[in-house]
Amino acid sequence: MPGPAFHRFANPRRFLRLADVLMPWLGGLTVLGFAAGLYLALWDSPADYQQGETVRIMYVHVPAAWIAMFAYCWVGGASAAALIWRHPLADVAAEAASPIGAAFTLLALVSGSLWGRPMWGAYWVWDARLTSFLLLFFLYLGHWALLNAFDDPQRGRRAAALLAVVGLINVPIIKFSVDWWNTLHQPASVMKMGGPSIDPSMLRPLIVMALTAQVYFLLVTFMRMKAMLLEARRQTQLYRQPRAATSAPRGAASANSQGGRA
Amino acid sequence: MSLAQYFSMGGYAAFIWPSYALAVVLLIGTFVLASRRLAAAERALEGSEAGDEADPAS
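Keep in mind that what you see is a predicted model, and the values were worked out from it rather than measured.

About the criteria used
Residues numbered from 1 in each chain as written. Chains lettered and ligands numbered in written order. Predicted model: local features only at pLDDT ≥ 70, side-chain atom pairs only at ≥ 80, totals over all residues. Heavy atoms only, no water. Helix = DSSP H or I, 4+ residues; strand = E, 2+ residues; numbered from the N terminus. Buried < 20%, exposed > 50% of the residue type's maximum accessible area, 1.4 Å probe, protein only. Contact = heavy atoms within 4.5 Å. Areas by Shrake-Rupley, 256 points an atom, 1.4 Å probe, with all protein chains shown as cover. Buried area = accessible area lost by both parts, 1.4 Å probe. Salt bridge = Lys/Arg side-chain N within 4 Å of Asp/Glu carboxyl O. Polar contact = N/O pair within 3.5 Å; in protein donor to acceptor, adjacent residues only side chain to side chain. Expected span 1.5 Å × (residues − 1). Phe/Tyr/Trp six-rings, centres within 6.5 Å; stacked < 30°, edge-to-face > 60°. Lys NZ or Arg CZ within 6 Å of the ring centre and 35° of its normal.

Describing the overall build of chain A
In terms of helices and strands, chain A carries eight helices and zero strands. Each helix (α) and strand (β) of chain A, taken in turn from the N terminus, gives the series α-α-α-α-α-α-α-α. Per-residue burial over chain A gives 51% buried out of 262 residues. When contacts within chain A are restricted to residue pairs at least 6 apart in sequence, long-range pairs at least 24 apart make up 74% of them. Here chain A has roughly 13,100 Å² of accessible surface; of this, 66% comes from carbon and sulfur atoms.

If you want it as structure tokens, here you go:
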């Protein structure tokens, strides 16, 4: 395909139309969902007979961990699509979601630590669940590092995509770590055969926070995707008509546009 | 239950509130950064599209 790589991203109309329709709804749902979730998590739910009030940390920790894993599947899946089919949106989708997933991973790690100190007596243990989840965080950091490591952004995307796909094996390892190894981290109590074993009064805040975090993830990922696509479109304009960015008498083209960079 | 009793969270305040505080900081921060980037990208296009009638990629 002639021209620089950003041409591929320059006009994905269907996605942008879809995103523009969805984002306000995702935003509204996020606000309502977190309001309801925080109310349930911090007020309208009981303390646990064993954990006491620290059970409330679970309403941050568990949703964060779930979204961290979901986001990695998104990044890995999009990366695979980019590598296999070269779909122009796939790279954008992977790059957009990655830092959001990293943020959720960090949140899960720290909130888990804060729970572990009073409950286990330790901020950290090198058991299989915690270790594989820390690896997830390193994979996100590596993904970001590779994206930014090359002068040619397309090489960066290719390398990052390879890392993301290879790292996908970590997701089932995280999930089944509590079954395959003797871990201090407790086994699954929600996503398991036979259904959840948590009391409904605690399942409610958990599910509300998890669903809201999911919606939030989509909202911010779409925002970042749209920003990246618009940036690519701008790059295409500058590439094709550099004079338009520098000459003054062009409609409302303002004097402080990116003329200097063209 | 008094406000002080509520905030002490059974003695676990030092662990619970920082968890929620970090959540708020990370989630709002991520959203704000994304929002700013999107606004900047839209502004950059607006400044040029008025003088650029035909969409080059259509």
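Considering the interface of chain A and chain B
Size of an interface: often given as the accessible area lost when the parts come together. With 47 residues of chain A at the interface, the matching set in chain B holds 36 residues. Taken over both partners, the interface formed by chain A and chain B buries close to 3,700 Å², and the fraction arising from carbon and sulfur atoms is 70%. When the buried area of chain A at its contact with chain B is split by residue, Leu42, Met223 and Gln237 of chain A rank highest and sum to 15% of it. Put simply, chain A and chain B have two salt bridges between them. Glutamate 231 of chain A serves as the salt-bridge partner of arginine 37 of chain B, at 2.9 Å between the closest nitrogen and oxygen. At the surface where chain A touches chain B, the tally comes to seven residue pairs in polar contact (both at pLDDT 80 or more). Sort the elements by how many residues they give to the side of chain A that touches chain B and helix α7 (residues 200-240) of chain A lands first, with 15 residues.

Observations regarding the side chain of serine 111 of chain A
Take serine 111 of chain A: it is sitting in helix α3 (residues 88-120). One polar contact links serine 111 of chain A to histidine 61 of chain A, side chain to side chain, over a distance of 3.3 Å. If near-sequence neighbours (up to four positions away) are discounted, serine 111 of chain A is found in contact with Ile57, Val60 and His61 of chain A together with Ser19 of chain B.

Considering α7 of chain A
Relative to the 60 Å expected for 41 residues at 1.5 Å per residue, α7 of chain A spans 59 Å between its end C-alpha atoms, a close match to the ideal helical length. Taken across its 41 residues, α7 of chain A has 30 buried, putting it largely inside the fold.

Some points on the packing of aromatic side chains
Evaluated as defined, the whole model comprises 15 aromatic pairs over all chains. Note on phenylalanine 70 of chain A and phenylalanine 217 of chain A: the rings are 5.5 Å apart at their centroids and 90° apart in plane angle, and the pair reads as edge-to-face. On the criterion of sequence distance, the pair formed by phenylalanine 70 of chain A in helix α2 (residues 58-85) and phenylalanine 217 of chain A in helix α7 is long-range, its members being 147 residues apart. Residue classification places phenylalanine 217 of chain A among the buried residues on the basis of a relative accessible area of 0%. A network of ring pairs unites the aromatic residues Trp43 of chain A together with Tyr6, Phe7 and Trp17 of chain B as a single cluster. The ring of tyrosine 123 of chain A is capped by arginine 117 of chain A, whose NZ or CZ atom sits 5.7 Å from the centre of that ring.

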